[in-house]
Amino acid sequence: ILLLGTLQGLILSLMLLFSNKDKRQSKYFLTAFMFVLAYNSFGTFYWSAGLNVPWLAFFDGIFPYTFIFSVGSSFYLYIKTTIEPGKIPSRTIFRAYLPAIIDFAFRILLLVYAIFNKKGISLGVNARSIDAIYQPIAQVLMVMIFWAYLISAILRFRKQSTDMLQTTEASFAMEQNLASKWTKVLLIVMSIIALAWAITIFGSLLFNITGIGYFTPIEIILGIFVY
């Protein structure tokens, strides 16, 4: 299921990215959103199946959560460009992806610290210790940041729906009504997934659960969601 979800997400991402007829900005954010889900599914499939791909293990060891930090940003920007007219400026996009950028910068600094510290220890702290402290914090931050973007998307959708009811242009109202129905269903489904994700992460940290079986339900849910 995870492998099929990965392939489907990758195919959809590529089709969206190279769709020359579709010039809407929203397709790029949906591409990023689906690609992250595909990457997450493949990562879980990779370690649960016991595969050995050195370059992938190296990359995942350096940037374990950077892509995941961008999933909330991509989803929020997709919803925003779907329900609102106009193009989102680069500054807004940069701010939205700031959590992922900060995580990327931190991981690079940690890598540099590990490389130039031959013994791995400076001031009594080595890179592995820092990583061990950071990883559970990052898992909590990922969930909290995603929920923040999800709530922002819901609030923006509710405001846009209220404004749409006041419009007098029939053609515009019909187009927005179609987008509104799709977006409403998507927001409901993502809220359910976000709740399951929060339960999975906080449950694993509170009860110190590391077994593969505990994380299987949320991964299968994401695989089905991709379809």
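Provided above is the structure to which this section pertains.
Below, the discussion takes up the packing of helix H2 (residues 26-48) against helix H3 (residues 54-62). Where H2 meets H3, the axes come as close as 12 Å, and the angle between the chain directions of the two elements is 115 degrees. When the axes of H2 and H3 are compared, the crossing they make is left-handed. Here Tyr39, Phe42 and Tyr46 of H2 come into contact with H3, specifically with Leu56, Ala57, Phe59 and Asp60. Taken together, the residues of the contact of H2 with H3 break down into six nonpolar, no polar and one charged.

Turning to the nonpolar core, a few remarks are in order. Most often, soluble globular proteins keep nonpolar side chains buried together rather than apart. Counting 43 residues, the largest nonpolar core has Phe33, Leu37, Phe69, Phe75, Ile79, Met190 and Trp197 as its most contacted members. At the level of elements, H2, helix H4 (66-69), helix H5 (71-83), helix H8 (127-165), helix H9 (170-206) and helix H10 (212-226) are the ones that each hand at least two residues to this core. The element contributing the most residues to this core is H8, with ten residues. Look past the residues within four positions of Ile79 in its chain and what remains in contact with it is Ala153, Thr183, Leu186 and Leu187.

Turning our attention to the packing of H2 against H5. Viewed as axis vectors pointing N to C, H2 and H5 meet at an angle of 150 degrees, and their least axial separation amounts to 8 Å. Our classification of the angle between H2 and H5 gives roughly antiparallel. In the packing of H2 onto H5, the handedness of the crossing is left-handed. Contacts from Ser26, Phe29, Leu30, Ala32, Phe33, Val36 and Leu37 in H2 reach Val71, Ser74, Phe75, Leu77, Tyr78, Thr81 and Thr82 in H5. When the residues that make up the contact of H2 with H5 are grouped by side-chain class, the tally is ten nonpolar, four polar and no charged.

Calculation notes
- Along every chain, residues carry numbers that run from 1 in the direction the sequence is written.
- Given that this is a predicted model, residues contribute local features only at a pLDDT of at least 70 and side-chain atom pairs are listed and counted only at 80 or more, while totals for whole chains, interfaces and linings are drawn from all residues.
- Values shown for side chains rest on all heavy atoms present in the structure; no hydrogens or waters enter the calculation.
- Lines are fitted to the C-alpha atoms to define the axes, a helix being fitted only along its stretch in contact, and any angle between axes, read from their N-to-C directions, falls within 0 to 180 degrees.
- Only runs of H or I of at least four residues qualify as helices and only runs of E of at least two qualify as strands under DSSP, and these elements are numbered from the N terminus.
- By convention the crossing between two helices is left-handed if the near helix lies anticlockwise of the far one by an angle smaller than a right angle, and right-handed if it lies clockwise.
- A contact between two residues is defined here by any heavy atoms of the two lying within 4.5 Å.
- Only Asp, Glu, Lys and Arg are considered charged in this grouping, and only Ala, Val, Leu, Ile, Met, Phe, Trp, Tyr, Cys and Pro are considered nonpolar; every other residue, Gly among them, is considered polar.
- Here, nonpolar core means buried Ala, Val, Leu, Ile, Met, Phe, Trp, Tyr and Cys residues that are tied together by side-chain atoms lying within 4.5 Å of each other.
- The buried label goes to any residue with under 20% of its type's maximum accessible area, the exposed label to any with over 50%, and the partly exposed label to all in between, with areas taken from a 1.4 Å probe on protein chains only.
- With respect to orientation, any angle under 35 degrees is reported as roughly parallel, any angle over 145 as roughly antiparallel, any angle of 65 to 115 as roughly perpendicular, and every other angle as oblique.

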